[in-house]
Amino acid sequence: MALIRSVDGRAPEALAGPWRLALTPPGACAGPGDLGGITDWIPAHVPGTAASALTAAGRWTETAPTPIHDRDVWYRTRLAGPGPVRLRFEGLATLAEVWLDGAPLLSARTMFEPHAVEAELGAESDLALCFRALRPALDRPAKRGRWRPRMITPGSLRHMRTSALGFMPGWCPEIDLVGPYRPITVEAVRPGLASADLRATLDGDTGRLAARLRIEGRAGAAVLLCDGRETPLSEIAPGLFAGELVLPGVAPWWPHTHGAPHLHRVEARVDGALVDLGRVGFRSLSLTRPFAEGLSLAVNSVPVFCRGANWTPPDLVGLSSDGTRTLLALAREAGMNMLRVPGTTLYPSTDFYDQCDELGILVWQDLMLANFDYPHDDPDFAAGLAREVTAFLDRTQTAPSLCVLCGGSEVWQQAAMLGAPRAVWADTFCETTLATLAAAQRPDLVVVPNSPSGGALPFSPRAGCTHYFGVGAYRRPLADARRAEVGFASECLAFANPPEPGTPGPVDPTDPAWAAGIPRDRGADWDFETVRDHYVGLLYGVDPAALRLDDPERYLELGRAAVAEVMEATFAEWRRPRSPTAGGLVLALRDLGPGAGWGVIDWRQQPKSAWYALKRAFRPVQVLLTDEGLDGLHLHVLNETADIRALTVTLTFADCGGRVAARAERGVTLGARAALTLTSAELLGRFFDATDSYRFGPRIHDVAHACLTGADGGIMAESFHFPGPRPIAQGAIGLRAEPVMTESGPALRIATERLALGVQIQAPGARPADTGFHLAPGTARLIAFPGRTRLPRGSVRAINSSESAEFGHDI
């Protein structure tokens, strides 16, 4: 439903407190009447969790979490009355009981379903909530599933509607999530607009806004307003008004990589009083090919290469939305246009979708189902899951960012990998029921039965959507990114990504504390640092195990560089015009704890080398180089924007010292949302062994450098190809850094005489716009520091440089 404010402009009042919290042994207090002897109460914040309250009281720490699921958790507050009210509980984790003035009001057994209860308040009322201990419930005997995953434990979680967070050893910290983690609100029951059902669609360039308003009490007239236009609504039943507002030429909503994410305010005028119904975006969504051939989305009839990451909560302790805007802004800055909320986490708050709407970021939403054989044949479980889905679609009804609704994470894959036939793993709920539920409320969504799914086996890389770890966990060569013919990777490229130098937390890779932050699959004899080390050896020809012991700093330096190179190379293959790949979402956006986790952003919300690499790989206006063997290099120019671009492409082949072996330049005009592929032979107009494939003589170049400049001469994108081993031997390369003033503010001009690999900018307390990039011989780049009015102090070095260049705030 649309967000509704009452006619007098007041929103439902959040019960912010004062709240108190107490812990008791399981079952020690049957109800609030038994709490008289409990004296150890501490202040609590709602929305929040027991962990966040205990942390504030100095009784619990995120770095050394202690169990909470083994106790009952009580919350209590006072409500001012009197009168009839509607109490809304947006999220209770997990086995919750609620009393008002000692009388039972609500009993809930799911973390994911909101509840609304009407009640009568006295002059002052007592509201008590008890979250029963989850551990005893998990320990009770229950029907076993047909398969049992190793990743999530215990197996009895398949019967509980709670998050897998905290139950995945090796994947995330073991933090117990308990409490009213979403708002509890109270609103007076009075006549007025009770609910609003809004459907925004786009047909060509015409927007259509259908509305159904439920009004309590008598109403003479209702009018729908949007985009400066309005239409009267008809009363089709007592208190139910409906109609459609047609909006020719309305500005559509786009993912930010392809256009502006236009949003439009919607209001209703009920008997002359305006009611704010929030905002909508007008967009269409369709498939460009059958799902079985690989998921591929078109927004407003334009194919979109979806790229981004898997979302993790910004606050694993309190489950608050603090930090959401920072993470989403970093995702957008990196060029991400899609985020997936995996079934191992929890449904984000409505604010998350509001911000994705504003920022132009598409959202793939899994149901909170992961890996288990869920009891869909249990009528209570099935009915509860249907209510959960309906409630989610209800509160995200007007979100144009929501585009994919998926039946969960690795449920089908888990069973298939254990050898089960399709009749076992393809459950009816995800295969058919989910689509029916979505069609009733959000017929515009693309429904995916599971992630992964779509082929003869659910993890087939070519069909549907896949979790592709060929390059990555399975340590395949970089060429596998093309050979696998990936259709759509809803998970990919998982590495133990080292945080940037100077990040608080474990810094020595030989320290046991460092190992605690490395993700791993339970039962595997390897972890994701092993995966990263494989590509360090492959790319740089070193022994990472020996380097780790002999020079830990160099070991991490090459680890950061390797992750960046692998991500850029993989997405270059996937984004080339002839690629069958229509999207890739890395695992994951943010770390859940300190150390070298999967996140491209660390747990303190600071970007890592992988984030900078993706920012380069995801540019909407892009140049890419791909190795086509005997056909030389192919240079691909992409323009995903709505503007025609006048560009210049330069391709240079040189040795490390800058001696040019071949060079070509060409002006190109690229239409809106268009792409162009040129071969090195076309550009040079002659034969040149660009990929060192013919080998008629000694190779005379070490690097190929493609540079794309705009009409103003500014560099828009660069791409590099190395026909042989990357020259990482450290020496003097003539690296320089000097402060300059640009029209946008202070910046750093970094130049090099010789080839500079993995140029790193270290500036404590400041974040550069880019770092970890290559510099071709004799070239320079201007690097800004977002949000800074004065250049910070720091240093610049490259992984093949024996020198560093210092800089300070001289301007």
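Placed above this text is the structure.
So, here's what we can say about the structure. (Residues numbered from 1 in each chain as written. Predicted model: local features only at pLDDT ≥ 70, side-chain atom pairs only at ≥ 80, totals over all residues. Heavy atoms only, no water.)

## Considerations on the overall build of the protein chain
Each helix and strand in the protein chain was counted, giving 15 helices and 42 strands. Taking 2.2 N^0.38 as the reference for a compact globule, 811 residues should give roughly 28 Å; the C-alpha atoms of the protein chain span a radius of gyration of 28 Å, in line with that estimate. A buried classification covers 58% of the 811 residues belonging to the protein chain. Long-range pairs, those at least 24 residues apart, make up 68% of the contacts in the protein chain with a sequence separation of at least 6. Surface exposure of the protein chain reaches about 31200 Å², of which carbon and sulfur atoms provide 51%. In the protein chain, 79 positive and 90 negative side-chain charges are present, and the distance between their average locations comes to 1 Å. (Helix = DSSP H or I, 4+ residues; strand = E, 2+ residues; numbered from the N terminus. Rg over C-alpha atoms; globule rule 2.2 N^0.38 Å. Buried < 20%, exposed > 50% of the residue type's maximum accessible area, 1.4 Å probe, protein only. Contact = heavy atoms within 4.5 Å. Areas by Shrake-Rupley, 256 points an atom, 1.4 Å probe, with all protein chains shown as cover. Lys, Arg positive; Asp, Glu negative; His and termini not counted. Charge placed at Lys NZ, Arg CZ, Asp CG, Glu CD.)

## Notes on unusual backbone geometry
With an omega of 0 degrees, the peptide bond running from Ala93 to Thr94 counts as cis. The linkage connecting Leu587 with the following residue, Ala588, adopts the cis geometry, with an omega of 10 degrees. Summarising the element assignment, Ala588 is placed in the loop between strand 28 (583-586) and helix 14 (609-617). Despite not being glycine, Glu410 has its phi angle at roughly 55 degrees, a positive value. Within the secondary structure, Glu410 sits in the loop between strand 24 (402-406) and helix 6 (411-417).

## Things to note about the sheet that holds strand 20 (residues 302-303)
If you trace the 3 strands from one edge of the open sheet to the other, you get 18-19-20, paired in antiparallel fashion. Among the strands making up the open sheet, the edge pair consists of strand 18 (285-287) and strand 20. Where strand 19 (residues 297-299) lies against strand 20, 2 bridges are found, and the strand directions are antiparallel. Looking across to strand 20, one finds that Val299 is bridged to Val302. (Pairing = 2+ DSSP bridges.)

## Details of the pairing of strand 22 (residues 338-341)
Residues Met338 and Arg340 line one face of strand 22 and the alternating positions Leu339 and Val341 line the opposite face, and both faces are buried. With 3 bridges connecting them, strand 21 (residues 306-310) and strand 22 associate as parallel partners. Note that in strand 22 the partner of Ala309 across the bridge is Leu339. Regarding topology, helix 3 (residues 324-333) serves as the crossover connection from strand 21 to the parallel strand 22, and that connection is right-handed. Here 4 bridges tie strand 22 to strand 23 (residues 362-366), and the two strands are oriented parallel to one another. Each bridged residue has a counterpart across the sheet, and for Arg340 the counterpart in strand 23 is Trp364. Read as a crossover between parallel neighbours, the route from strand 22 over helix 4 (residues 350-359) to strand 23 is right-handed. (Right-handed = clockwise from strand over helix to strand, strands pointing away.)

## Structural notes on the pattern of salt bridges
Across all of its chains, the model carries 54 salt bridges by this definition. Among the ionic pairs, Asp480 bridges to Arg476, the shortest N-O distance being 3.4 Å. Taken together, the salt bridges that share partners define one network made up of Arg86, Arg88, Glu118, Glu187 and Glu216. (Salt bridge = Lys/Arg side-chain N within 4 Å of Asp/Glu carboxyl O.)

## A look at the packing of aromatic side chains
Geometrically, a pair of aromatic rings is defined through the distance of the ring centres and the angle of the planes. In total, this model carries 26 aromatic pairs according to the counting rule given. Seen from their ring centres, Trp171 and Trp598 are 4.6 Å apart, and the 80 degrees between their planes marks the pair as edge-to-face. Pair noted here: Trp171 is in the loop between helix 2 (134-139) and strand 10 (184-188) and Trp598 is in the loop between strand 28 and helix 14, with a separation of 427 residues, a long-range link. Judged by relative accessible area, which is 21%, Trp171 ranks as partly exposed. For Trp598, a relative accessible area of 8% puts it in the buried group. The interplanar angle of 65 degrees and the centroid separation of 5.8 Å between the aromatic rings of Tyr353 and Phe392 together place this pair among those described as edge-to-face. You can see Tyr353 sitting in helix 4 and its partner Phe392 sitting in helix 5 (residues 379-395), a full 39 residues away along the chain. For the pair Tyr353 and Phe392, one class covers both residues: buried. Among the aromatic side chains, those forming a connected cluster through ring pairs are Phe112, Trp311, Tyr347, Phe352, Tyr353 and Phe392. Of note, Arg673 hangs over the ring of Trp254, and the distance from its end group to the ring centre comes to 4.0 Å. (Phe/Tyr/Trp six-rings, centres within 6.5 Å; stacked < 30°, edge-to-face > 60°. Lys NZ or Arg CZ within 6 Å of the ring centre and 35° of its normal.)

## Quick look at the packing of helix 5 against helix 8 (residues 428-441)
Contact geometry of helix 5 with helix 8 gives a least axis separation of 10 Å together with a crossing angle of 40 degrees. Here helix 5 runs over helix 8; the crossing is right-handed. Contact residues: Leu385, Ala386, Val389, Thr390, Leu393 and Asp394 in helix 5; Phe429, Leu434, Leu437, Ala438 and Gln441 in helix 8. By residue class, the composition of the contact of helix 5 with helix 8 is 8 nonpolar, 2 polar and 1 charged. (Axes fitted to C-alpha atoms, helices over the stretch in contact; angles between N-to-C directions. Left-handed = near helix turned anticlockwise from the far one by under 90°. Nonpolar A, V, L, I, M, F, W, Y, C, P; charged D, E, K, R; others polar.)

## Focus on the side chain of Glu491
When you line up the elements, Glu491 lands in strand 27 (residues 489-492). Polar contacts involving the side chain of Glu491 include one to the side chain of Arg340, which spans 2.9 Å. The residues touching Glu491, leaving out its near neighbours within four places in the chain, are Asn310, Arg340, Ser409, Glu410, Thr466, His467, Tyr468, Phe469, Leu585 and Leu587. (Polar contact = N/O pair within 3.5 Å; in protein donor to acceptor, adjacent residues only side chain to side chain.)

## Notes on a negative patch on the surface
A cluster of acidic residues, Asp543, Asp550, Asp551 and Glu553, forms a negative patch at the surface. Along the chain, Asp551 falls in the loop between helix 12 (544-550) and helix 13 (552-575). Taking the relative accessible area as the measure of exposure, Asp551 reaches 34% and is therefore partly exposed. (Patch = residues over 30% accessible without salt bridge, like charges linked within 9 Å, V, L, I, M, F, W, Y side chains within 5 Å.)

## Examining the side chain of Thr94
Take Thr94: it is sitting in the loop between strand 5 (83-89) and strand 6 (96-100). A polar contact of 2.7 Å, which involves the side chain of Thr94, links it to the side chain of Thr162. Not counting residues up to four positions away in its chain, the partners in contact with Thr94 are Ala108, Arg109, Thr110, Met111, Phe131, Arg161 and Thr162.

## Some remarks on a nonpolar patch on the surface
On the surface, Leu630, Phe687, Tyr694 and Phe696 cluster together into a nonpolar patch covering about 490 Å² of accessible area. Mapped onto the fold, Tyr694 is located in the loop between helix 15 (680-684) and strand 34 (703-709).

## Let's talk about the sheet that holds strand 4 (residues 72-80)
Ordered by their spatial adjacency, 6 strands build an open sheet running 3-2-4-9-6-7, and the pairing between neighbours is antiparallel. This sheet does not close on itself; its edge strands, each paired only once, are strand 3 (42-44) and strand 7 (103-108). Pairs of neighbouring strands in the sheet enclose a mean axial angle of 25 degrees, with direction left out of account.

## A word on the environment of Asp176
Positionally, Asp176 belongs in the loop between helix 2 and strand 10. Given the relative accessible area of 10%, Asp176 is considered buried. The sequence separation of Asp176 and Ala51 amounts to 125 residues, and the corresponding C-alpha distance is 7.4 Å. Ignoring any residue separated from it by four or fewer positions in sequence, one finds Asp176 in contact with Ala51, Pro67, Ile68 and His69.

## Quick notes on the environment of Val389
Following the sequence through the fold, Val389 ends up in helix 5. Separated by 49 residues in sequence, Val389 and Ala438 have C-alpha atoms that sit 8.3 Å apart. Those residues in contact with Val389, other than ones at most four positions away along the chain, are Leu367, Phe429, Leu434 and Leu437.

## What to know about helix 3
Buried residues of helix 3: Thr324, Leu327, Leu328, Leu330 and Ala331, and no others. Projected onto a plane normal to the axis of helix 3, the buried residues spread over an arc of 160 degrees and lie on a single side. Considering only its buried residues, helix 3 is in contact with strand 22, helix 4 and helix 14. (Arc of directions from axis to C-beta.)

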